[in-house]
Structure formats: C-alpha cells, structure tokens
Amino acid sequence: MKINDPLQKEEFKSRMKLENINFYMTNIKYENKETKTRKIYMRLLKKARKRAELIAELSDYKVEDVIEISESKSEFSIISSFIENFAYSRSNGATATSFKFNSGTLEKSILVKYSVQ
C-alpha cells in the first residue's frame with residue numbers, strides 16, 4: 001500500500017491501532033539506477049587507484065595506465081551476510097538470530113589492473 005499524504009498516513013495509523021492490527025510503515029526513496037551505478041563506479045575507480053598507488057609506493061614502483069577493468073563478483077551475498085550476522089550474534093551470547101535482506105541495496109565490485117614502472 002502506498003500513502004503519500006501525511007494526513008492519510010495518520011488516519012491509517014489510527015485506524016490500524018483502533019482495529020488492533022499490527023502494521024509496519026516505511027519511507028522508501030528510489031534513485032535513478034543508472035546515475036547511482038555511475039557514482040558507485042566512479043568511487044570504486046578512485047578507491048582502486050589509491051590502493052594501487054599505495055601498493056606501488058611500498059614496492060618502489062609508480063602506477064601508470066589502466067590495463068584492464070572488469071566487473072567482478074560482489075564480495076557480499078545474502079548467504080555470507082547471514083553467516084556473518086549469525087556468527088556475530090552467537091559470539092555475543094545471543095540465542096537467536098534474525099536477518100532482513102535489504103533489497104534496496106545496490107552492490108558493485110570491480111577489478112582494476114594497472115601497469116607500473
């Protein structure tokens with residue numbers, strides 16, 4: 001159900017409480033996927049360059065041109081996220097674990113190869 005009007009939202013909440021019905025409301029904002037993907041890749045490229053420069057500096061090299069860029073498999077998945085969440089909660093003495101998958105998350109991962117000199 002989508003309710004945009006603030007007055008209708010309050011009316012809906014009041015009605016649900018009156019009827020003793022459990023409900024959950026959230027605000028969802030969608031961004032243009034193309035624009036968001038572009039921003040993510042720009043950030044990833046900058047991050048990859050910084051890391052490459054650090055590694056090159058430690059090895060007495062200088063980063064030159066990009067040789068190859070490829071999209072790699074994301075390092076995060078529903079299963080690995082659940083396992084991490086489960087392990088963390090159990091290590092802190094919890095007897096139960098809950099997990100909610102955020103379907104609104106856009107994850108990207110790239111592999112960048114540079115030439116060095």
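Computed from a predicted model, the values in this text were never measured in an experiment.

Caption draft 1: View of the nonpolar core. Core analysis: the biggest nonpolar cluster contains seven residues, these being Ala48, Ala52, Ala56, Val63, Ile110, Val112 and Tyr114. Counting residues per element, the ones that place at least two in this core are α2 (33–58) and β2 (110–116). Filtering out sequence-adjacent residues up to four positions away, alanine 48 remains in contact with Val112 and Tyr114.

Caption draft 2: Quick peek at a positive patch on the surface. Residues Lys29, Lys39, Arg43, Lys47 and Arg51 make up a contiguous surface patch of positive charge. Its place among the elements puts arginine 43 in helix α2.

Caption draft 3: A look at the environment of threonine 26. Along the chain, threonine 26 falls in the loop between α1 (6–18) and α2. According to the relative accessible area criterion, threonine 26 is partly exposed, its value standing at 49%.

Caption draft 4: Broad picture of α1. Compared with the 18 Å implied by 1.5 Å per residue over 13 residues, the 18 Å span of α1 between its first and last C-alpha is a close match. Regarding α1, its N-cap is aspartate 5, as a side-chain oxygen of that residue lies 3.0 Å from the backbone nitrogen of leucine 7 further along. Once α1 ends, the next one or two residues include asparagine 20, with phi positive near 60°.

Caption draft 5: Quick peek at a nonpolar patch on the surface. On the surface, a nonpolar cluster with roughly 230 Å² of combined accessible area is contributed by Leu45, Val66 and Ile69. Looking at where leucine 45 falls in the secondary structure, it is placed in helix α2. On the basis of relative accessibility, which here comes to 33%, the residue leucine 45 falls in the partly exposed class.

Caption draft 6: Quick look at unusual backbone geometry. Positive phi, close to 60°, is recorded for asparagine 20, a residue that is not glycine. With respect to the secondary-structure elements, asparagine 20 resides in the loop between α1 and α2. Positive phi, close to 60°, is recorded for aspartate 60, a residue that is not glycine. Mapped onto the fold, aspartate 60 is located in the loop between α2 and β1 (63–71).

Caption draft 7: Region of the structure containing the pattern of salt bridges. Under the defined criterion, the tally for this structure stands at five salt bridges. A salt bridge links arginine 15 to glutamate 19; the nearest nitrogen and oxygen atoms lie 3.5 Å apart. One salt bridge connects lysine 108 with glutamate 71, and the closest N-O pair in it is separated by 3.6 Å. One end of the pair, lysine 108, is in the loop between α3 (78–91) and β2; the other, glutamate 71, is in strand β1, with 37 residues separating them in the sequence. Given the relative accessible area of 26%, lysine 108 is considered partly exposed. Under the relative-accessibility criterion, glutamate 71 is labelled exposed at 53%.

Rules used throughout
- Numbering of residues starts from 1 in every chain and runs along the sequence as written.
- In keeping with the predicted nature of the model, local features appear solely for residues at pLDDT of at least 70, side-chain atom pairs appear and are counted solely at 80 or more, and the whole-chain, interface and lining totals rest on all residues.
- To get the side-chain values, take all heavy atoms of the structure and skip hydrogens and water.
- Grouping buried Ala, Val, Leu, Ile, Met, Phe, Trp, Tyr and Cys residues that are joined through side-chain atoms within 4.5 Å yields what is termed a nonpolar core.
- Note on classification: 1.4 Å probe, protein chains only; a residue is buried when its accessible area is under 20% of the maximum for its type, exposed when over 50%, partly exposed between these limits.
- Segments assigned H or I by DSSP are reported as helices when at least four residues long, segments assigned E as strands when at least two residues long, and all are numbered from the N terminus.
- For this analysis, residues touch if any pair of their heavy atoms sits within 4.5 Å.
- Patches draw on residues past 30% relative accessible area with no salt bridge. Two like charges within 9 Å are joined, as are two nonpolar side chains (Val, Leu, Ile, Met, Phe, Trp, Tyr) within 5 Å.
- Here the open area of atoms and residues is found with the Shrake-Rupley method and a 1.4 Å probe, where only the protein chains shown may cover a residue.
- By definition here, a salt bridge exists when the distance from a side-chain nitrogen of Lys or Arg to a carboxyl oxygen of Asp or Glu is within 4 Å.
- By the counting rule applied here, Lys and Arg register as positive and Asp and Glu as negative, while His and the ends of each chain are not counted.
- The location of each charge is read from NZ of Lys, CZ of Arg, CG of Asp or CD of Glu.
- To estimate how far a helix should reach, multiply one less than its number of residues by 1.5 Å.
- Contacts described as polar in this section are N or O atom pairs within 3.5 Å, which, within protein, must combine one atom able to donate a hydrogen with one able to accept it, while residues neighboring in sequence count only if both atoms come from side chains.

All quantities given are derived from atomic positions and should not be read as evidence of function.
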